[in-house]
Amino acid sequence: MSEIKKSICPYDCPNTCGLLMEVEDGRIISVRNDPDHPVSRNGICRKTARYQDSIYSKDRILTPLIRAGKKGSGEFAPVSWEEAIRRITDTWKQIIAESGPEAILPSCYSGVMSDIQRGCGDAFFNRMGASRQVRTLCSPAKGAAYSSVAGKTGCQDPREIADSDLYIIWGSNLEATRPQLMSLLNRPENRAKRRIQIDTYANSDGAHFDRTICIKAGMDGALALAMMHVLDREGLSDEAFLKEYAEGYEEFRKTLGSYTPEWAETETGIPAETIRTLAREYASVKAPVIILGSGASRYANGGMTVRLIVILSLFTGAWKYPGGGLCGCTPIDTSYVDQAPIKRPDFLRTPVRSLNINQMASALALAGEEAVRSLYVYGNNPAGTVSNQEGVIRGLMREDLFTVVHERFMTDTALYADIILPATFSVEQTDIYRCYGHCTLGTARPAIAPLGESKSNWNTFALLAEAMGYEDDYFKQTEDQMLQYLLDHPTPAVAALSEADRQILQEGGSISMPFSDHMKIGTPSGKFRIVDESMPIPLPRYTKARGGSYPLRLVASPSAWSLNCEYLDRKDLMEHRGAQKLILHTQDAAERGISDGQLIEAYNDLSSVFFEAVVTDRIARENAVCEGVYNRADCVGGRAFNALTSENLSDLGEGTTMNDNRVEVRPAAIRY
Ligand SMILES: Nc1nc2c(c(=O)[nH]1)N[C@H]1C(S)=C(S)[C@@H](COP(=O)(O)OP(=O)(O)OC[C@H]3O[C@@H](n4cnc5c(=O)[nH]c(N)nc54)[C@H](O)[C@@H]3O)O[C@H]1N2
Ligand SMILES: Nc1nc2c(c(=O)[nH]1)N[C@H]1C(S)=C(S)[C@@H](COP(=O)(O)OP(=O)(O)OC[C@H]3O[C@@H](n4cnc5c(=O)[nH]c(N)nc54)[C@H](O)[C@@H]3O)O[C@H]1N2
Ligand code: SF4
Ligand SMILES: [Mo]
């Protein structure tokens, strides 16, 4: 007899779908969407539809392992948890005695997005006084830019945009990242509305959109400014709205004169007439919505670009109407879960140094008294996902770096570990799940017992804390007790829920939280801020991406067959995804003697990487796009996309500039 247990997808995905696990004899035999879940009631993605294949993968790490060969050789021997914890904490105690706790660096990102398992390491490393990692690998420039203009105002929840009357999908690979939103756009009633995509390339087969406008990567600020120029010159902007609700509008308006569509054509590669038509179409309806992805924010000018796009969303007054305005930023205008009881900022007794995750190669290259002597990685695969891959690997190769990786699979980072600890999957742990793309909240308890000797982040830190001699009660709680504490001490938003909803959270399941009031403008003045004195450049203007001396703009895009480093274990999905590819424009390829399917080499001053060429007209000239994260072993030459990306940071939020790198390409001298 099987039973059904509820769970929630833990990955870095704006949907945080509800899952139903069919469990028989303690083993998950099938997975499907939770019909009670507010977003995934109609389905989940094809990746997680066979979540059990990853959970029971033969490649899963199920015991602690200790290095038994040279660093990176992949040779490990099993070791007991007791022995592993003893070795880790003995080494740490020695490092702390000799160099202080800041010689230890934790590295965590988005492997597990639920609050308790993601946040508990902060409590441990605050207690230790370790170096603090600045975690800005995804889209902090976008967040900082949005809140510059809109403060804490909530944008549209994707469920609200059924009311929109025009969709602009801007720098987002919807087909890969938002299957539920994609099916909403494809409903018959919405197919009648215009759906226009603005991207560096046509990232789906085109069937979903009326038009794809391909833009030179990093130039979207010019497009937004030229659209505002047209709206202003042609009397299409909602002046009354802007005067009433947007601080600095008059001053900003005066600057729009020079941003003509002809000027923008030279920057963006989009014909001036197309820009005029787009602006007019945008103004021809009442409630257009811009669905803004993070793509355009991962540049040296990414923060400014996003500020300009958010300001554009105000220009026709769309925010006043249901469905109008902006979607894809922060739909939540209040706190659902208090992070302090989980992360315990109060455990930190003295200020510690900060090291940016995007500059891990530099951090690991610090020497002398500043040297990082131990790295503890959990929910993160920096050797695969962080810029300057070869620099990161050089750091991980250091004989004097003691690296511990808490993982589920032998990732590119785990290969360089001194000790690997086996991690659980979400279905084996307890947590609370805020969703960053929708107004939903959920909780889940284990559907099955942990496989092998795997342990959750929470339970691992409890063991480490005990061995380090940290007596605090915090480390003696269970993860269930932590969840119960959070439920017993709800934020005002959760306290205001109905008894029935709070009961769902208590039992495990997901609920819809109220949508925000988009005209309750969450800035100190109660108005949107076009001019923001707290910004490095208060009055928005066109700023350029970093550029560089190589001709092609290298861009990363999500793959529909993987999710960052998740699902790289799934042979079926990997077969669909195929080799690491680089998408090039027909003309750019022809000029270099490159044909479709050929092995090519992309290079710049950092490195060179082999790709299989995909040649198409559906990409802007001089853009070069790669979908998905690849294990180095699956790449010809053993180097992946991030060998070509630099440690530069974005203009706002100290974020990645993963899309702001230049390369040249040539046919590869070697064959497969
Ligand atoms: N080339 C390229 N680089 C990229 C991107 C890209 O598209 N292309 N995307 C960028 C973006 S947007 C992001 S957010 C980052 C993501 O970068 P990462 O956070 O490094 O990648 P993830 O795949 O989210 O998770 C990393 C690891 O967490 C592990 N993990 C999952 N659950 C748990 C758990 O409960 N406990 C522990 N200890 N481990 C767990 C997984 O097995 C996985 O290997 O990558 C960035 N880098
Ligand atoms: N299947 C799948 N789902 C995922 C992920 C995945 O890897 N696979 N990753 C997850 C993560 S961590 C995140 S952060 C989200 C990201 O979700 P999205 O926000 O949808 O994706 P991004 O990677 O930010 O941006 C993707 C698009 O931005 C475009 N782009 C890049 N630069 C520019 C530019 O300068 N201008 C314009 N107009 N477009 C540009 C790229 O070509 C690409 O099509 O998705 C999550 N969901
Ligand atoms: S990866 Fe995203 S779409 Fe797929 S099940 Fe998880 S939350 Fe849903
Ligand atoms: Mo991300």
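1. Quick word on the nonpolar core
Then, in step 1: Counting 56 residues, the largest nonpolar core has Trp 170 and Met 228 as the members making the most contacts within it.
Then, in step 2: Here this core gets 9 residues from one element, more than from any other, and that element is helix α8 (residues 220-233).
Then, in step 3: Among all residues touching Met 228, those that are not within four sequence positions of it are Phe 252, Leu 256, Leu 308, Ile 311, Leu 312 and Phe 315.
Then, in step 4: With 50 residues, the next largest nonpolar core counts Ile 66, Ile 419, Phe 475 and Leu 483 among its residues.

2. Some words on the packing of aromatic side chains
Then, in step 1: Within the structure shown, the criterion is met by 29 aromatic pairs.
Then, in step 2: Seen from their ring centres, Trp 92 and Phe 124 are 6.0 Å apart, and the 40° between their planes marks the pair as tilted. Here Trp 92, found in helix α2 (residues 81-99), pairs with Phe 124, found in helix α3 (residues 115-128); they are 32 residues apart in sequence, far enough to count as distant.
Then, in step 3: For Phe 124, a relative accessible area of 0% translates into the label buried.
Then, in step 4: Aromatic side chains Tyr 378 and Phe 461 sit 5.2 Å apart centroid to centroid with 80° between the ring planes, which places their arrangement in the edge-to-face category. On the criterion of sequence distance, the pair formed by Tyr 378 in strand β15 (residues 374-378) and Phe 461 in helix α18 (residues 457-468) is long-range, its members being 83 residues apart. Judged on exposure class, the residue Tyr 378 and its partner Phe 461 are both buried.

3. A word on the site of ligand 2
Then, in step 1: Around ligand 2 lies a shell of 34 residues, among which Ser 172, Asp 199, Thr 200, Asp 220 and Ser 562 are the nearest.
Then, in step 2: At a separation of 3.2 Å, an oxygen atom of ligand 2 approaches a polar backbone atom of Gly 171.
Then, in step 3: The contact in question runs from an oxygen atom of ligand 2 to an N or O atom on the side chain of Asn 203, over 2.8 Å.
Then, in step 4: Considering ligand 2 on its own, with 910 Å² of exposed area, one finds that the protein chains cover 96% of that surface.
Then, in step 5: Elements represented by at least two residues in the shell around ligand 2 include exactly α5 (174-177), β9 (194-199) and β22 (552-557).
Then, in step 6: For the shell around ligand 2, the residue count by class is 13 nonpolar, 15 polar and 6 charged.
Then, in step 7: When residues are assigned to domains, the shell around ligand 2 turns out to be shared by domain 2 (156-328 + 518-529) and domain 3 (552-667), each giving three or more.

4. A word on the packing of helix α4 (residues 140-150) against helix α13 (residues 302-314)
Then, in step 1: The geometry of α4 relative to α13 is characterised by a closest axis approach of 8 Å and an angle of 40° between their N-to-C directions. Judged by the angle between their axes, α4 and α13 are oblique. When you trace α4 past α13, the crossing you get is right-handed. On α13, the residues that touch Ala 141, Lys 142, Ala 145, Tyr 146, Ser 148 and Val 149 of α4 are Gly 302, Gly 303, Val 306, Arg 307, Val 310, Ile 311 and Leu 314.
Then, in step 2: In the contact of α4 with α13, the residues fall into 8 nonpolar, 3 polar and 2 charged.

5. So, the sheet that holds strand β18 (residues 431-434)
Then, in step 1: Spatial ordering of the open sheet is given by β18-β19-β20, a layout of 3 strands whose pairing is antiparallel. Single-partner strands in this sheet number two, and they are β18 and β20 (509-512). Taking the axes of each pair of neighbouring strands and ignoring which way they run, one obtains an average angle of 15° across the sheet.

6. Thoughts on the domain arrangement of the protein
Then, in step 1: Domains assigned within the protein are domain 1 (65-133 + 335-426 + 448-493), domain 2 (156-328 + 518-529) and domain 3 (552-667).
Then, in step 2: Taken over C-alpha atoms, the centre of domain 1 sits 40 Å from the centre of domain 2.

7. A few points about the state of the cysteines
Then, in step 1: In this structure the tally under the stated criterion is 0 disulfides.
Then, in step 2: Its sulfur unpaired, Cys 108 is 8.4 Å from the next cysteine sulfur, which belongs to Cys 120.
Then, in step 3: For Cys 120, a relative accessible area of 1% translates into the label buried.

8. Looking at the side chain of Arg 195
Then, in step 1: In this fold, Arg 195 is placed in strand β9.
Then, in step 2: Residue classification places Arg 195 among the buried positions, given a relative accessible area of 2%.
Then, in step 3: Of the polar contacts made by the side chain of Arg 195, one reaches the backbone oxygen of Leu 185; its length is 3.5 Å.
Then, in step 4: Within the structure, the side chain of Arg 195 is placed 2.6 Å from the backbone oxygen of His 208, a separation counted as a polar contact.
Then, in step 5: The contacts of Arg 195, once residues within four sequence positions are left out, are Tyr 167, Ile 169, Leu 185, Asn 186, Asn 190, His 208, Phe 209, Asp 210 and Arg 211.

9. Looking at the sheet that holds strand β1 (residues 3-8)
Then, in step 1: An order of β1-β2-β3 is seen for the 3 strands of this open sheet, with the pairing classed as antiparallel. The open sheet has two edge strands, β1 and β3 (27-33), and neither has a second partner. Geometrically, the sheet is characterised by an average inter-axis angle of 30° between neighbouring strands, direction not taken into account.
Then, in step 2: Here β1 runs beside strand β2 (residues 18-24); their pairing, made up of 6 bridges, is antiparallel. Bridged to Ile 8 within β2 is Gly 18.

10. Thoughts on the site of ligand 1
Then, in step 1: Of all residues adjacent to ligand 1, which total 30 residues, the nearest are Asn 380, Asn 381, Thr 385, Glu 407 and Cys 565.
Then, in step 2: Between ligand 1 and Asn 457, the relevant distance is 2.9 Å, taken from a nitrogen atom to a side-chain nitrogen or oxygen of the residue.
Then, in step 3: Side-chain polar atom of Asn 642 to a nitrogen atom of ligand 1: 3.0 Å apart, as the coordinates give it.
Then, in step 4: For ligand 1, whose unbound accessible area comes to 920 Å², protein coverage reaches 96%.
Then, in step 5: When its residues are assigned to classes, the shell around ligand 1 shows 12 nonpolar, 13 polar and 5 charged.
Then, in step 6: Two domains each donate at least three residues to the shell around ligand 1, and these are domain 1 (65-133 + 335-426 + 448-493) and domain 3 (552-667).

11. What to know about the environment of Pro 64
Then, in step 1: Inspection of the secondary structure puts Pro 64 in the loop between α1 (51-55) and β4 (65-67).
Then, in step 2: Look at Pro 64 and you get buried, because its relative accessible area is 0%.
Then, in step 3: Here the alpha-carbon distance between Pro 64 and Ala 162, two residues 98 residues apart in the chain, equals 49 Å.
Then, in step 4: In contact with Pro 64, not counting residues within four places along its chain, are Ala 77, Pro 78, Val 79, Ser 80, Trp 81, Ala 84, Ile 420, Leu 421, Pro 422 and Glu 453.

12. Looking at the pattern of salt bridges
Then, in step 1: Per the stated rule, a full pass over the model turns up 45 salt bridges.
Then, in step 2: The salt bridge involving Lys 6 is made with Asp 36; its shortest N-O contact spans 2.9 Å. Of this pair, Lys 6 sits in strand β1 while Asp 36 sits in the loop between β3 and α1, placing them 30 residues apart in sequence.
Then, in step 3: Look at Asp 36 and you get exposed, because its relative accessible area is 52%.
Then, in step 4: For the salt bridge of Glu 98 with Arg 373, the shortest nitrogen-to-oxygen distance reads 2.9 Å. Taken together, the positions of Glu 98 in helix α2 and Arg 373 in the loop between α15 (360-365) and β15 put the pair 275 residues apart, joining distant regions of the chain.
Then, in step 5: Take Arg 373: its relative accessible area is 25%, and that puts it in the partly exposed class.
Then, in step 6: Several salt bridges share partner residues, and in doing so they unite Asp 232, Arg 233, Glu 239, Lys 243 and Arg 253 into one network.

Reading the values: the criteria
Residues numbered from 1 in each chain as written. Chains lettered and ligands numbered in written order. Predicted model: local features only at pLDDT ≥ 70, side-chain atom pairs only at ≥ 80, totals over all residues. Heavy atoms only, no water. Core = buried A, V, L, I, M, F, W, Y, C linked by side-chain atoms within 4.5 Å. Buried < 20%, exposed > 50% of the residue type's maximum accessible area, 1.4 Å probe, protein only. Helix = DSSP H or I, 4+ residues; strand = E, 2+ residues; numbered from the N terminus. Contact = heavy atoms within 4.5 Å. Phe/Tyr/Trp six-rings, centres within 6.5 Å; stacked < 30°, edge-to-face > 60°. Near = heavy atom within 4 Å. Polar contact = N/O pair within 3.5 Å; in protein donor to acceptor, adjacent residues only side chain to side chain. Areas by Shrake-Rupley, 256 points an atom, 1.4 Å probe, with all protein chains shown as cover. Nonpolar A, V, L, I, M, F, W, Y, C, P; charged D, E, K, R; others polar. Domains from an automatic or database assignment. Axes fitted to C-alpha atoms, helices over the stretch in contact; angles between N-to-C directions. Parallel < 35°, antiparallel > 145°, perpendicular 65-115°, else oblique. Left-handed = near helix turned anticlockwise from the far one by under 90°. Pairing = 2+ DSSP bridges. Disulfide = S-S within 2.5 Å. Salt bridge = Lys/Arg side-chain N within 4 Å of Asp/Glu carboxyl O.

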